[in-house]
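Residues per chain, in single letters:
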Amino acid sequence: MPRALITGITGQDGAYLSQLLLEKGYEVFGLLRRSASAEVMGERLRWLGIQDAVRMIDGDLMDMSSIIRALQQVKPEEVYNLGAQSFVRTSWDQPLLTGHVTAIGAHNVIEAVRLTCPGARFYQASSSEMFGKIQEEMQSETTPFYPRSPYAVAKLYAHWITVNYRESFGMHASSGILFNHESPLRGIEFVTRKVTDGVARIKLGLAKELPMGNLEATRDWGHAKDYVRAMWLMLQQDTPDDYVVATGRTVSVREMCRVAFAAAGLDYRDHVTQDPRFMRPAEVDVLLGDPAKAKAKLGWEPKITLEEMIAEMVEADLARHRARLL
Ligand code: NDP
Ligand code: GDP
């Protein structure tokens, strides 16, 4: 049985990746940071019905000794570093924490792998936010980066340290430059989930309005379930590399709102308001990924469309709120 260690296992991608690896016959271990609210930890794993199938090991990305202990215990063939302070907006309010967790945390993991199990394959969760103020209309692995938030700057450090360890030490270290990906398990603060949750509350009469930030930004949105498959595929290759994972279609926040409200028979123009609280100090206006390399080398293609995903998310949020009303 191959063994995998996942940091960020309690997050959206950690949950879907665990599900995929379990289906493939892996023994799955996750690094779990201590919380006073232990009962809500693992909510996403519970949603997928796999909470008892994965094994948790206490640890924190900012404490390299805990990562070393976890690696010594698990002796994994594959390590997926998905843990991060992952919300762009928060990275202006907690910029140094974002640097510690998202940049140095990733360095801690890859250095711990080098020290304890250098033959293990390593995946780094890089982000399209690194393209920021875009330098090419369609962003690929060769597009120059221009980060626009402390989060993106931290991700860039983690990306380059991954490339550097591959080139310096010959490690099987790959970086997946994933464009935005969503699902019913997406954090509530991210725009798609905020909107599908808002749609559900408005539909059920729990709210009337949905205050939003910049509606003109566009994103290349895919489904997390499709994207974790690309992570796994990267670690199955003979040689490590970097890959853009995207759909090749970009849609505005406004259009995404239209689709989400329409999925519940509503018109977004009757409910969406603009609120400066949700505007950002620096914006990433457009993201559009070119997944040609992932398709050619990994045989990867997204299967779920934006419309299908948003409909699934609206349904899930309606079900969540209905359950709470009972
Ligand atoms: P989430 O925010 O849902 O999950 C983040 C995970 O990191 C959680 O499990 C969280 O644990 C964990 N974490 C945070 N801080 C620490 C810490 N100090 N020590 C250990 N674990 C910690 O993110 P996603 O699942 O959406 O994304 C996975 C990764 O992919 C992230 O690195 C993200 O930045 C990156 N990414 C995501 C994209 C997306 O669109 N989803 C796009 C591109 C990259 P806890 O539950 O305790 O908070
Ligand atoms: P990001 O691409 O990682 O920052 O993912 P988000 O889902 O947080 O944001 C995507 C885009 O939606 C950004 O351009 C935001 O400025 C925009 N946006 C507009 N209104 C909102 C809002 O109310 N919340 C969030 N999170 N984003 C918003």
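Residues numbered from 1 in each chain as written. Chains lettered and ligands numbered in written order. Predicted model: local features only at pLDDT ≥ 70, side-chain atom pairs only at ≥ 80, totals over all residues. Heavy atoms only, no water.

**Description of the overall build of the chain**
Rule in force here: Elements are defined by DSSP. Helices are runs of H or I of four residues or more, strands are runs of E of two residues or more, and each kind is numbered from the N terminus. Radius of gyration means the value over C-alpha atoms here, while the globule rule gives 2.2 Å times the residue count to the 0.38 power. The rule is simple: take the accessible area with a 1.4 Å probe, protein chains only, and divide by the maximum for that residue type; under 20% is buried, over 50% is exposed, in between is partly exposed.
Each helix and strand in the chain was counted, giving eleven helices and 13 strands. Here the C-alpha radius of gyration of the chain, 19 Å, is about what a compact globule of 326 residues would show, namely 20 Å. The principal-axis extent of the C-alpha atoms belonging to the chain is close to 55 × 45 × 40 Å. Counting across all 326 residues of the chain, residues that qualify as buried make up 54%.

**A closer look at unusual backbone geometry**
The phi torsion at Lys75 lies on the positive side, around 50°, for a residue other than glycine. Along the polypeptide, Lys75 turns up in the loop between helix H3 (64-74) and strand S4 (78-81). A residue is classified by how much of its surface remains accessible, and Lys75, at 55% relative accessible area, is exposed.

**Thoughts on the nonpolar core**
As a reminder, the rule being used: The criterion is simple. A nonpolar core is a set of buried Ala, Val, Leu, Ile, Met, Phe, Trp, Tyr and Cys residues joined through side-chain atoms within 4.5 Å. By definition, residues are in contact when any of their heavy atoms lie within 4.5 Å.
The biggest cluster of nonpolar side chains holds 34 residues, and the ones touching the most others in it are Leu17, Leu21, Tyr80 and Tyr123. Elements supplying a minimum of two residues to this core: strand S1 (3-7), helix H1 (12-23), strand S5 (121-127), helix H8 (224-235), strand S11 (242-245) and helix H10 (292-298). A per-element tally of this core places H8 first, with nine residues. Those residues within four positions of Leu17 in sequence are excluded, and the remaining contacts are Ile6, Tyr80, Leu82, Val228 and Met231. Counting residues in hydrophobic clusters, the runner-up holds 26 residues, among them Val195, Leu210, Ala264 and Leu318.

**Topic: the side chain of Lys194**
Turning to its location among the elements, Lys194 is positioned in helix H7 (residues 191-203). If we skip the residues at most four places from it in the chain, Lys194 touches Ile188, Leu210, Pro211, Met212 and Phe278.

**Structural notes on the site of ligand 2**
For the record, the criterion: One heavy atom within 4 Å of a molecule or strand makes the whole residue count as near it. By the criterion applied in these results, polar contacts are pairs of N or O atoms within 3.5 Å in which, for protein atoms, one can donate a hydrogen and the other can accept it, and in which residues neighboring in sequence qualify only through two side-chain atoms. Only the protein chains shown count as cover for residues, and all accessible areas are computed by the Shrake-Rupley method using a 1.4 Å probe. Under the scheme applied, nonpolar residues are Ala, Val, Leu, Ile, Met, Phe, Trp, Tyr, Cys and Pro; charged residues are Asp, Glu, Lys and Arg; polar residues are all the others, including Gly. The domain boundaries here were taken from an automatic or database domain assignment.
In the region of ligand 2, 18 residues are neighbours, and Glu129, Lys194, Arg219, Arg280 and Glu283 sit closest. Between ligand 2 and Gly213, the relevant distance is 2.9 Å, taken from a nitrogen atom to a main-chain nitrogen or oxygen of the residue. Arg280 is positioned such that a nitrogen or oxygen atom in its side chain is 2.6 Å from an oxygen atom of ligand 2. Protein chains bury 97% of the 540 Å² of accessible surface belonging to ligand 2 in isolation. A per-class count over the shell around ligand 2 returns nine nonpolar, three polar and six charged. Per-domain counts for the shell around ligand 2 show at least three residues from each of domain 1 (3-181 + 222-245) and domain 2 (187-219 + 250-285 + 300-325).

**Observations concerning the side chain of Ser252**
Along the chain, Ser252 turns up in strand S12 (residues 251-252). A polar contact of 3.0 Å, which involves the side chain of Ser252, links it to the backbone nitrogen of Glu255.

**Here's the deal with the site of ligand 1**
Neighbouring ligand 1 are 25 residues, the closest being Thr10, Asp13, Arg33, Ser86 and Tyr151. At 2.9 Å, a side-chain N or O of Asp60 approaches a nitrogen atom of ligand 1. One of the side-chain N or O atoms of Lys155 is found 2.8 Å from an oxygen atom in ligand 1. Its free accessible area being 900 Å², ligand 1 has 88% of it covered by the protein chains. Secondary-structure elements contributing two or more residues to the shell around ligand 1 are H1, S5 and helix H6 (150-169). Residue contributions to the shell around ligand 1 peak at three residues, all from S5. Class assignment for the residues of the shell around ligand 1 results in ten nonpolar, ten polar and five charged.

**Some details on the sheet that holds strand S6 (residues 173-178)**
The criterion, for reference: Strands are labelled as partners when DSSP assigns at least two bridges between them. Here an angle of 0 to 180 degrees is reported between the N-to-C directions of two axes, which are lines fitted to C-alpha atoms, with helices fitted over the stretch in contact.
Taken together, the seven strands give an open sheet; going across it, the order is S3-S2-S1-S4-S5-S6-S11, and neighbouring strands pair in parallel fashion. The open sheet is flanked by strand S3 (55-58) and S11, the only strands paired with a single partner. Geometrically, the sheet is characterised by an average inter-axis angle of 20° between neighbouring strands, direction not taken into account. Here helix H5 (residues 95-116) sits on the sheet and contacts S1, S4, S5 and S6; the angle it forms with S5, its principal contact strand, is near 165°. Lying over the sheet, H8 contacts S4, S5, S6 and S11, oriented at roughly 160° with respect to S6.

**Notes on helix H9 (residues 253-263)**
Side chains of residues three or four places apart in an α-helix project in the same direction, reflecting 3.6 residues per turn. Listed in full, the buried residues belonging to H9 are Val253, Met256, Cys257, Val259, Ala260 and Phe261. In this structure, the buried residues of H9 make contact with H7, strand S8 (210-212), S12, strand S13 (272-274) and helix H11 (306-325). Where H9 terminates, the next one or two residues include Gly265, which has phi positive at roughly 75°.

**Here we look at the domain arrangement of the chain**
For the record, the criterion: Buried area is calculated as the accessible area (1.4 Å probe) missing from two parts once they are joined, with the contributions of both summed. By definition, a salt bridge exists where a carboxyl oxygen of Asp or Glu is found within 4 Å of a side-chain nitrogen of Lys or Arg.
Partitioning the chain into structural domains gives domain 1 (3-181 + 222-245) and domain 2 (187-219 + 250-285 + 300-325). A straight line from the C-alpha centre of domain 1 to that of domain 2 covers 26 Å. Contact residues are listed per partner, giving 20 residues for domain 1 and 20 residues for domain 2. Interface of domain 1 and domain 2: buried area, both sides summed, is about 1900 Å²; carbon and sulfur atoms make up 60% of it. Interface area lost by domain 1 to domain 2 is led by Phe87, Arg148 and His223, which between them contribute 28%. Inspection of the region where domain 1 meets domain 2 yields one salt bridge. With a closest N to O distance of 3.7 Å, Arg219 and Glu129 form a salt bridge.

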